[in-house]
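Topology and contacts: notes
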Amino acid sequence: MEVLDKLKTTRRKEQELEQLSPFELKNSLIDLAQPEKVKKMAYQMLNAGRGNPNWIATTPREAFFTLGKFGIEECRRTMDDVSGMAGIPQKEGIGKRFQQFLKENSGMPGITLLKQMFKMGVKEKGFSADEFAMELAEGVIGDQYPVPDRMLTYTERIVHDYLMQEMCGGKPTRAGFDLFAVEGGTAAICYIFDSLMENGLLRKGDRIVLGVPAFTPYLEIPHLDRYDFDVVYVHGSGKTKDGQSDFQYPDEEIDKLGDQSIKAFFITNPSNPTSVEISEKSRKYLVKVVKSLNPNLMVLTDDVYGTFVPGFVSLMRDLPRNTICVYSFSKYFGCTGWRLGVIAINKDNIYDDMISALPQPEKERLHKMYESLSVHPEKMKFIDRMVADSRQVALNHTAGLSLPQQIQMMLFASFALLDKKINIKMPAGFY
């Protein structure tokens, strides 16, 4: 009878676990794995493999709030009403005023990062001091629509260098990348899928390849009615010499990408939930297959966990013309609530080429769709079409990630570029 009662209790527990989402189940297992004495230890396990990391990066946030003080001071220079109203920042001389602010507030939290970032921008990258300081002041205050709508000028250049450092092993491609700042990695995925469909690069029912294991929603999106893709899976079924799973893609799985009926390849790298980076061997073989057999294969890679891997190399470096990279700051800097993501597309890419090669009826349809935005809409880059599509084209004037979000993104990127002490890299667990 006692054994039967235990079996019933166990079955009830199993049924309860079956009702949990993947994130809830993972958190429950982590909780069960930690006895109370572990929970009370002085050292806490840093955990990025969940919906929200359990840490934050403090210095870039301190810099943001201190920068806010400068933004308010600049607004009050033009108008300071007792009712609580102020003017807006003015560009003339703002570079010198910002440098004076940095000197007078040397004890403020985050001020060192602001000093280093401004020096890096003006001295090393050749930014205009007035224009850079103006972007910082207006950005932190958030008094304007984003201009350019795709991404703020100096923010894009700093984030671009950050991506080259973290996603490309410090070796940028010759052409460089255009960036589109978006509301986190999930928004990036939605915008990309929708624009590929809008511009006739993917059609309902097309064959695509999905690398698995994969983040659960990525398994579901291709089957939504608006896409209804014919999905082929590339399985990370590789084994080590001793027969253990290493979750790498065997050559025979990668060979599937050589089929020219396959239009696109979607991959998470490092993988989620297995946390495995594509090995250099597999990456090189994948590049060989695509270049020799399927050169117009569209590659979408979600590299959000790449920042945790020492020397990580994304497919955006190895297949720059084919690859759209999605990166989110959420995990590495503990900022899921900020919704900070970016889409990167090489300036020389197959997407623009394929749009220019569309049949004439398709070109005429797209000309009509985007003609309100350009005298020559046929010359619009795919990434700029994506910006317009994100606001149903007609509302393009309000497109773009909010200015304060972009400034916080710039500060995170600058912190990683300047402060070499930051290191949440994993010494093991990634392949």
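Quick note: structure is the one above.
Rules and cut-offs
Numbers given to residues run from 1 along each chain, matching the order in which its sequence is written. In view of the model being predicted, local features appear only for residues whose pLDDT reaches at least 70, and side-chain atom pairs are presented and counted only at 80 or more, with totals across whole chains, interfaces and linings using the full set of residues. The basis for the side-chain values is all heavy atoms of the structure; hydrogens and waters are excluded. Accessible area is worked out with a 1.4 Å probe on protein chains only. A residue is then buried under 20% of its type maximum, exposed over 50%, and partly exposed in between. Going along the chain from the N terminus, every DSSP run of H or I of four or more residues is numbered as a helix, and every run of E of two or more is numbered as a strand. Salt bridges are defined as contacts in which a side-chain nitrogen from Lys or Arg sits within 4 Å of a carboxyl oxygen from Asp or Glu. Being paired, for any two strands, means DSSP has found at least two bridges between them. Simply put, an axis is a line fit to the C-alpha atoms, just over the touching stretch for a helix, and the angle between two N-to-C directions goes from 0 to 180 degrees. The contact definition used throughout considers only heavy atoms, calling two residues in contact when any of these lie within 4.5 Å.

1. Points about the pairing of strand β1 (residues 177-182)
The element β1 is extensively covered by neighbouring structure, given that six of its six residues are classed as buried. Residues F177, L179 and A181 line one face of β1 and the alternating positions D178, F180 and V182 line the opposite face, and both faces are buried.

2. With respect to the pattern of salt bridges
Per the stated rule, a full pass over the model turns up 24 salt bridges. Here D178 makes a salt bridge to K381, at a shortest N to O gap of 2.9 Å. Of the two residues, D178 sits in strand β1 while K381 sits in the loop between α15 (360-370) and α16 (382-389), which places them 203 residues apart along the sequence. Given a relative accessible area of 4%, D178 falls into the buried group. A salt bridge links K204 to D225; its shortest N-O distance comes to 3.6 Å. Pair noted here: K204 is in the loop between α9 (184-198) and β2 (207-212) and D225 is in the loop between α10 (216-220) and β3 (230-235), with a separation of 21 residues, a long-range link. The structure contains a network of salt bridges with shared partners spanning R150, E156, D178, K347, K381 and D384.

3. Focus on the sheet that holds β2
Strand order across the open sheet formed by seven strands is β1-β7-β6-β5-β4-β2-β3, with mixed pairing between neighbours. In the strand order of this sheet, the two ends are held by β1 and β3, each with one partner. Ignoring strand direction, the axes of neighbouring strands in this sheet form an average angle of 20 degrees. As defined by bridge partners, β2 adjoins β3 across six bridges and the pair is classed as parallel. Of the residues in β3, the one forming a bridge with I208 is V231. Each of β1, β6 (323-328) and β7 (341-346) is contacted by helix α8 (residues 153-167), which is oriented at about 105 degrees to β1, the strand it contacts most.

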